[in-house]
Protein chains: 2
Amino acid sequence: MYKIEFALSGDVRVAIDANSGENLLELARKANVAIDAPCSGNGSCGKCRVRLVQGQVDSASSRHISEEEYADGWRLACCSTVSGDAVIEVPDIASAYRSRMKVADLDSPEEIAIFEGLRTQMLAAGIDFSSDLTFLPLTLSAPTLDDTMPDNERLLRAVEEATGCPYEKIILPYAVLQDLSLVLRESSWNVKCVISRDGDRIQIRDVLPADSDAPIAGFALDLGTTSLAGLLVDLKSGKILAKASGGNGQIRYGADVINRIIESEKPGGRKRLQDAVVQESILPLFTSMLHSAGIEARSVYRMVLAGNTTMNHLLLGLHSDPVRMEPFIPSFFHAGYLYTRDIGITMNPLAELIVAPNIGSYVGGDITAGTFASMIWNKPEMSLFIDLGTNGELVFGNSEFLMSCACSAGPAFEGGDISCGMRATDGAIEACTIDKETMEPALTVVGGGAPVGICGSGIIDIIAELFRCGIINGKGKLIREGRRVRRDEHGMGSFILSFREDTGGVKDVAINEVDIDNFIRAKGAIFSATTTMLTSLGFDPSVIERVYVAGGIGSGINMRNAVTIGMFPDIPLEYFHYIGNSSQTGAFAMLLSSEAREKVEELGRSMTYLELSNEPGYMDAFVAACFLPHTDAALFPSVDI
Amino acid sequence: MYKIEFALSGDVRVAIDANSGENLLELARKANVAIDAPCSGNGSCGKCRVRLVQGQVDSASSRHISEEEYADGWRLACCSTVSGDAVIEVPDIASAYRSRMKVADLDSPEEIAIFEGLRTQMLAAGIDFSSDLTFLPLTLSAPTLDDTMPDNERLLRAVEEATGCPYEKIILPYAVLQDLSLVLRESSWNVKCVISRDGDRIQIRDVLPADSDAPIAGFALDLGTTSLAGLLVDLKSGKILAKASGGNGQIRYGADVINRIIESEKPGGRKRLQDAVVQESILPLFTSMLHSAGIEARSVYRMVLAGNTTMNHLLLGLHSDPVRMEPFIPSFFHAGYLYTRDIGITMNPLAELIVAPNIGSYVGGDITAGTFASMIWNKPEMSLFIDLGTNGELVFGNSEFLMSCACSAGPAFEGGDISCGMRATDGAIEACTIDKETMEPALTVVGGGAPVGICGSGIIDIIAELFRCGIINGKGKLIREGRRVRRDEHGMGSFILSFREDTGGVKDVAINEVDIDNFIRAKGAIFSATTTMLTSLGFDPSVIERVYVAGGIGSGINMRNAVTIGMFPDIPLEYFHYIGNSSQTGAFAMLLSSEAREKVEELGRSMTYLELSNEPGYMDAFVAACFLPHTDAALFPSVDI
C-alpha cells in the first residue's frame, strides 16, 4: 500500500492510499480530485497532464508529452500507474472546472450588445417580460387576548382581503409556515409576501419583513456538455445581477454524452454524475454569483435550465441509458413539477426548476431555448440557426415551419480534440492571420497576454490561413517547410504558432495534422448536416436568407474564414450573424416571462426532428465535406485557392 | 479537563470531555445520551437515576436515593457534578424512550374491542372508510423507432385514457419521474400507478411493477408529550399491519410542554427538540413497525398526526414561544401542504403529513381527533369526553354544541411525578385492593411478573383503597401504622406495596405522601375543570349522560375508585366508558377516510374553547377538589367514608 498525494492549487493536498498498479486517473476520481479527461482515459486526448513532483509512478510514453516535459515530471494521469509513494501536482484545470473560469468574450461589449438586441427583438415580438412572481405588502393586526387567530390564518385572511382570492385557494406551504411566527413578530406584523398565481390559486412563496431589500431573483443556467453559463436576474426589473460561467465537472467522466451515460449506468453512477455537475459545478458557480450580487440564496425563487437531453437527464439523476440506446427514448421531453431542492440545489426552498423542453434524444432544451432566442420562429425569411456546442445542432425554417437535426461535431469548436485546444479564456488564441510569404503568424490572444492554447474561433482562423497560404492542402496535410513546421519521428507535422522560448510557457503552442484532421471532420459534420437537412426539404443552400450562429465559440468567429474552410455554405457574408450563447439568452427570457416559457414549450411541440443517420445521403455528404473547403469546389465559388 | 464515559445498554459507551463542576445531566444532553428527566433537572422527580461505576462525581443527597442505593453508586444525574474522571452507567430507560417500549394493555383484547367498536360506530354514523389513494393498473405499448414518445408522456397518455382525466391535469412529480424509466422497462411496460384525485386533477404518487405486492399503507401517530403510539395500516383493506408505542425522547428536555418550549428557544433548540422526537422516537418506532409488517418505507403514502398544539409545533420545528406566552398564539390551528419529508420522516417521498387541527394553545389535534373518535358529536346525549394525558383535556356537549378546555393535571396519570410511577408496561402495578384489616395489598401487575412500579390505573386504585381502609385521610396523609408504613427522617410516610426482598428488584415499590399529594392535585384539576366548564354553561354534573374516558391510563381504570377519590363526578357508574387511546383511533379514521378528515376539520372549527384561567371560580374549585374525595362531601354521596 502506497500513499499518493495530489497537490492542488491553493496548497490543497489530497492523500489517498493506493495499491501498486492502480491507475492514477482512476485514483484521482476515487479521491474526488478533478482531472480533465475528455477522452475518459484512453490516452488519446492528452488533457490529463499532471506533474510528478516527488516519488515515482510508472508511465507509458505518449505523443502528448515531450522528452523535455517528461524530464520535468509531466505525465498523462490516464497512462500512469502507482509504483510507490508519490506527490502529484494537478494543474489548475481542476479549479477551472469549478467556478473560477469565466468565458471572457461573453462579457465583451459585443456580447452584451447581442444580448440586449435579442431582448429588444423579443419585446418587439410581443413577448411580455413582466414576472408572475410579485411582492404583496401586508400590514396585519397584532393578536390580542380577544383576537387569538393563529399566525397562518391571520396571514391568509390578509392575503384574501388584499387579493380577493378566496381563503381556501391560497396555498401556504411548510417552507413559509416554518419561520412565519418569527418573521411576523420581528417585523411587527408589517410584511411583504412573495406570491405567484397558479390558475385560480395563489401560492405564498415567502414572507419577508416589509423593510427587507431582498429582491425576487431568478437563476438562468445554460448547461452544456463542456461548460455552463449562468445569469442571476432580478425578476422585477429584469436587471442582470451577476453573470458567470465555468466548466462542467462531469468532463472527467468523458467529453461526450455517450461516455457519461455509460459511466452513469455503473453502480452509484447516477449519483456520481449528478454530484459532478450539481455539487462541483453549479453550486460553486451559483454561490460565487450570489456573492458578487450580494444576495442570499433564499432570494432566488426560480431556476430555468437550458441543456441538451443528456445533460437534463444526468442533472436530474435519471436513468439515461434509453437515451443512447435504440429506439432512443428519453424519460421526458417536457417535465413539470420540478423543484431545485429535488436535485440538491439550495435556493429558496420553494424554487421551481423549469427545464426547457427537449425535442429528441439529441436535440434538447438548449436548442428549444436557443431557437426561441434566435427569433427565427417570428421571421418570414428562411433562416438557419446553428448552435456550435460539443455537438452541433441545426434548426432551419421560418415563422411557418421549423426542422431540427443534430450532428456529432465533437468538441473541436470548444477546443476539445485539439492538442493545444482550450476554451475562449485568458491565453487562448482567438484570431490569427498568417503572412503568406514569411509564414509568420499574427495572433490575437484573449486577455492580451502570452498565448497558452487555441480556442474555437482561433482554430478556424489558423486552418483558413494555413490553407489560404498554401501551407496545408485540402486534406489538411502540411505541404510547406519552414522554421515553424516540425515533424515528429512518425512524420506527423505541426505548425508552431508560438515558441515556448518566446512566451516562457510549459510548451510550444502548435497545431498538428491530427488536430487539423479532427477539426475538418467537425466542420464537415456541420456542413453535411446543413445540406442534408435542406435536401430532405427539397432545398439547397441558396434558399438560406439568414444564418444565426450561436455557441461558446465566441463573437470572434470570422465568418469569411468559416466559409473558406467549408464549414458554412458559401452565401453572402452579410447573411451571417453571431448571436452569442442563445441557450443562455433563451433561458433568461424563460426566467422572466411566462409567455416566453409557453412559446418555448410550443416550439418544443411543433418543431420536427430529422434523424440524420436515417437519411440516405448523409454519410456520402459527410465524407465529401471532409476536405478544404469541399471535394466539390464548385460549392464554394467565392473561395479562391 | 476530565473524561466522563456514559455506559449505555448493549455495551455502548459514549465519552465526553468535561470541566470540573459541570452538571452530569447537562453533560449527558451535550453527549446526546438520553436520560429521563421529566422535571427538567430540578431534583424533584427523582427519575434521572444513574449509577457511578468507576471514578467520582459530587452529588447532593436526595430523598430519591436511599443510603443503600447511594452506597451502590446510584445518583441523580441532575444533582451531580463532575469532579474527576468517571464511568456512569445509564439505565435502560434511555432505550425505552426509543422504540422498544410497548404499551402492553393497548394490545389487550379489551383495547382491540374498543377499537373495533369505535370503527363500527363510525361506519354507522355514515363515515365512508374507502381511501382516496388507489391503484391504477396500466399496460403501456413499448416504444419503437416509429413511436418515440418519451416515457413520461407515454405514461400520462395511458393514465388519461384509463381515467378520462385530461393530460394537462395529471400531475407527475419528480419523485415518480426519477425512476420511471427503470420501472417501465423492468416491468416490461406493465405497471400499476398509485394515484389520488385532488379536485379535477389526478396526482400520480408512484409507479410500481404490475406484479408488485407492495400495499398502499399509511401511518397514524398519536404524539403525546410522554408517549407515542403508532398504527401502520393498509389503506385499501383498512387492516392494521403493525401497532407499536414508545416514549417521546423530548422528555429529557422536560416532562411538560412549557419546559420543552423554553428549551426549544435556546440556540439550536428547535432542531434539537425536533430531532429528539423525529430521529430518536418516531423513526425507530416507524422502522420497527415496517419491519414487523414486512413492508418498505416507500409503500407508506400518508401520515396522520394527532398531537397537542405544542407537540405539533415542536415536531414541525416551528417557533413555539408564542404558544406559551400571552396572548398564546400558535403558528397554526389548521395546516395543509405538509409532507413527511419536510420534517425528515422518510417514507414515500410524496407522503403527505396530515395534522389533526388544534383548537387553542392547550387543546390540540389529539383532542379534535379524539373527540371525533368519541362520537359525542353524533349523539343527542350530553356527553363528557376526558382525555387523561400529560395534560387533562375535556370536551363537553352533544350533536348540537361542543365546548373544550384544558387543565394542567401533570403527568401523574401516566406515572410521572410519582416516585415509583411508570407507564402501563410490564412490571407496572395496574390494579390493587387492600385488606382493611391486615393492610396487606393484592396487586395486579402488567405482564404478571414482579412489580417494578405503578401506572396510572394502579395509583387510582391504591389511593382509593388506602382511603377506603382509613390508611390515609382526606388530605392524603398516612394515619395508620404497620409493617408496610415507613417514615423517613423528615417524617414523610410511605406505604410499601412490595418489598425489595420479595421481588429481587433494586428497590421497594412504594407510594409516599408526596406522590399522593401530587396525584390529589392532578385529580383535583380534572374534577374542578369538569365542574367549572359545566358551571360556565349553567349546568351541574347531574346533566351528564355519558362520560368517555380516554388516554394511556389503560382499560384497567376502575371507575368506582376514580369516583371514590373524587376525580370524576359522582354519577351512575354505567355512564362511564373507557374508550382507549382516542387520539390514535381518531388518527386511524383520518388516515383511512377523507370524510373523517373533513369532519375532524369541522370539529376543530366549530368547537369552542374555554380558557379556565379566565374563569372566576376555577381556582377556588381546584383548591376545594384537592381533598379526598372533595372538601364538599355532599358532592360525593355514594362515597362511604
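Since the model is a prediction, treat every value here as computed from it, not as a measurement.

**Q** Could you clarify how one ought to interpret unusual backbone geometry in this entry?
**A** Negative phi is the rule for most residues except glycine; trans is the rule for most peptide bonds. Here the amide bond leading from A:Leu628 into A:Pro629 is cis, since omega sits at -20 degrees, within 30 degrees of zero. Residue placement: A:Pro629 occurs in the segment after helix H18 (618–625). Here B:Phe328, not a glycine, exhibits a phi torsion of approximately 60 degrees, which is positive. The residue B:Phe328 is located in the loop between helix H10 (321–324) and strand E14 (352–355) in this model.

**Q** Please explain helix H12 (residues 456–468) of chain B as it appears in this structure.
**A** Owing to its 3.6 residues per turn, the α-helix brings residues three or four apart onto one side. Residues and elements named next belong to chain B. Here H12 is 13 residues long and its end C-alpha atoms lie 18 Å apart, about the 18 Å a rise of 1.5 Å per residue gives. Considered for burial, the residues of H12 that qualify are Gly456, Ser457, Gly458, Ile459, Ile460, Asp461, Ile462, Ile463, Ala464, Glu465, Leu466 and Phe467. The inward-facing, buried residues of H12 abut strand E18 (428–434), strand E20 (453–454), strand E22 (493–498), strand E23 (509–512), helix H14 (513–536) and helix H15 (559–564). After H12 finishes, the residue glycine 470 shows a positive phi value of roughly 70 degrees.

**Q** What exactly am I supposed to notice about the packing of H14(B) against helix H18 (residues 618–625) of chain B here?
**A** How two helices pack is summed up by the angle between their axes together with the distance between the axes. All names here are of chain B. In contact at an axis separation of 8 Å, H14 and H18 are set at 135 degrees when each is read in the N-to-C sense. In terms of orientation, H14 and H18 fall into the oblique class. The two elements H14 and H18 cross, and the hand of that crossing is right-handed. Where H14 abuts H18, its residues Arg521, Lys523, Gly524, Ala525, Phe527, Ser528, Ala529, Thr531 and Thr532 lie against Tyr618, Ala621, Phe622 and Ala625. Counted by class, the contact of H14 with H18 contains seven nonpolar, four polar and two charged residues.

**Q** In this structure, what is going on with the pairing of E14(B)? I would like to understand it.
**A** Along any regular strand, the residues point their side chains to alternate faces of the sheet. All names here are of chain B. Burial of the side chains of E14 extends over both faces: Glu352 and Ile354 are buried on one face and Leu353 and Val355 on the other. With four bridges connecting them, strand E13 (residues 300–307) and E14 associate as parallel partners. Note that in E14 the partner of leucine 305 across the bridge is valine 355.

**Q** Can you walk me through the sheet that holds strand E20 (residues 453–454) of chain A in this structure?
**A** In any sheet, the strands associate via hydrogen bonds between backbone groups, in a parallel or an antiparallel arrangement. Residues and elements named next belong to chain A. If you trace the three strands from one edge of the open sheet to the other, you get E19-E18-E20, paired in mixed fashion. At either margin of the open sheet sits one strand with a lone partner, and together these are strand E19 (441–445) and E20. Strand direction decides the pairing type here: strand E18 (residues 428–434) and E20, joined by two bridges, are parallel. Its bridge partner being in E20, alanine 428 is matched across the sheet by glycine 453. In the packing of helix H12 (residues 456–468) onto the sheet, the strands contacted are E18 and E20, and the crossing angle to E18 comes to about 20 degrees.

**Q** How should I be thinking about the side chain of A:Ser227 in this particular structure?
**A** Turning to its location among the elements, A:Ser227 is positioned in strand E11 (residues 227–234). Residue classification places A:Ser227 among the buried residues on the basis of a relative accessible area of 15%.

**Q** When you look at the sheet that holds strand E7 (residues 170–171) of chain A in this model, what are you seeing that I'm missing?
**A** All names here are of chain A. Reading across the sheet, the four strands line up as E6-E8-E9-E7 and stay open at both edges, with mixed pairing between neighbours. Each of the sheet's edge strands pairs with one partner strand only, and the pair in question is strand E6 (134–139) and E7. Note: strand E8 (residues 190–198) against strand E9 (residues 201–209), eight bridges, orientation antiparallel. If you follow arginine 197 over to E9, its bridge partner there is isoleucine 202. Strands in contact with helix H5 (residues 151–163) are E6, E7, E8 and E9; relative to E6, the strand with the most contacts, it is inclined by about 115 degrees.

**Q** How should the domain arrangement of chain A be read in this particular structure?
**A** Residue and element names in this part refer to chain A. The domain boundaries assigned to chain A delineate domain 1 (2–92), domain 2 (100–127 + 217–355), domain 3 (133–209), domain 4 (376–408 + 531–633) and domain 5 (412–519). Spacing between the C-alpha centres of domain 2 and domain 3 amounts to 32 Å. Tallying the contact residues gives nine residues for domain 2 and 10 residues for domain 3. Between domain 2 and domain 3 lies a buried interface of about 860 Å² when both sides are counted; carbon and sulfur atoms form 56% of it. Summed over the three residues of domain 2 that lose the most area to domain 3, namely Lys236, Tyr301 and Leu350, the buried surface amounts to 64% of that side. Joining domain 2 to domain 3, the criterion identifies two salt bridges. Where glutamate 352 meets arginine 205, a salt bridge forms, and the shortest distance between an N and an O atom there is 3.0 Å. For the pair domain 2 and domain 3, the number of links is four residue pairs in polar contact (both at pLDDT 80 or more). Grouping the constituent residues of the side of domain 2 that touches domain 3 by class yields four nonpolar, one polar and four charged.

**Q** Looking at this structure, how should I read the interface of chain A and chain B?
**A** Quite often, the size of an interface is put as the accessible area lost when its parts meet. The interface of chain A with chain B comprises 46 residues on the first partner and 46 residues on the second. When chain A packs against chain B, close to 3800 Å² is buried across both sides, 56% of that on carbon and sulfur atoms. Of all residues in chain A, A:Tyr174, A:Ile329 and A:Tyr337 give up the largest surface area on contact with chain B, accounting jointly for 18% of the area buried on that side. In this structure, the connection of chain A to chain B is made through four salt bridges. In this structure, B:Asp179 and A:Arg270 form a salt bridge, with 2.9 Å as the shortest nitrogen-oxygen distance. The tally of links from chain A across to chain B stands at 14 residue pairs in polar contact (both at pLDDT 80 or more). Mapped by element, the contributors of at least two residues to the side of chain A that touches chain B are H5, E7, helix H6 (174–186) and helix H8 (269–293) of chain A. Looking at the side of chain A that touches chain B, the element that brings in the most residues is H6(A), giving seven residues. A class-by-class count of the residues in the side of chain A that touches chain B yields 24 nonpolar, 11 polar and 11 charged.

What counts and what doesn't
All residue numbers here refer to positions counted from 1 along the written sequence of the relevant chain. Here chains are named by letter from A upward and ligands by number from 1 upward, in the order in which they appear as written. Owing to the predicted nature of the model, reporting of local features is limited to residues with pLDDT of at least 70; listing and counting of side-chain atom pairs is limited to 80 or more, with chain, interface and lining totals taken over all residues. As a rule here, side-chain values come from all non-hydrogen atoms in the structure, and water together with hydrogens is ignored. In this description a helix means any DSSP run of H or I spanning at least four residues, a strand means any run of E spanning at least two, and both kinds are numbered starting from the N terminus. Take the residue count of a helix, subtract one, and multiply by 1.5 Å to get its expected span. Partly exposed residues are those whose accessible area sits between 20% and 50% of the maximum for their type, while under 20% is buried and over 50% is exposed, using a 1.4 Å probe and protein chains only. Contacts between residues were defined by any pair of non-hydrogen atoms, one from each residue, lying within 4.5 Å. Whenever a helix is involved, its axis is fitted only over the stretch in contact; in every case the axis is a line through C-alpha atoms, and angles between N-to-C directions fall within 0 to 180 degrees. In what follows, roughly perpendicular refers to angles from 65 to 115 degrees, roughly parallel to angles under 35, roughly antiparallel to angles over 145, and oblique to any angle outside these ranges. It is the rotation of the near helix from the far one that decides the hand of a crossing: anticlockwise by less than a right angle makes it left-handed, clockwise makes it right-handed. Throughout, the ten residues Ala, Val, Leu, Ile, Met, Phe, Trp, Tyr, Cys and Pro are labelled nonpolar, Asp, Glu, Lys and Arg are labelled charged, and all others, Gly among them, are labelled polar. Think of it this way: DSSP has to see at least two bridges between two strands before they count as a pair. Where each domain starts and ends comes from a domain assignment, either automatic or drawn from a database. When two components associate, each loses some accessible surface as probed by a 1.4 Å sphere; the sum of these losses over both components is called the buried area. Between Lys or Arg on one side and Asp or Glu on the other, a salt bridge is scored when a side-chain nitrogen of the former is within 4 Å of a carboxyl oxygen of the latter. Contacts described as polar in this section are N or O atom pairs within 3.5 Å, which, within protein, must combine one atom able to donate a hydrogen with one able to accept it, while residues neighboring in sequence count only if both atoms come from side chains.

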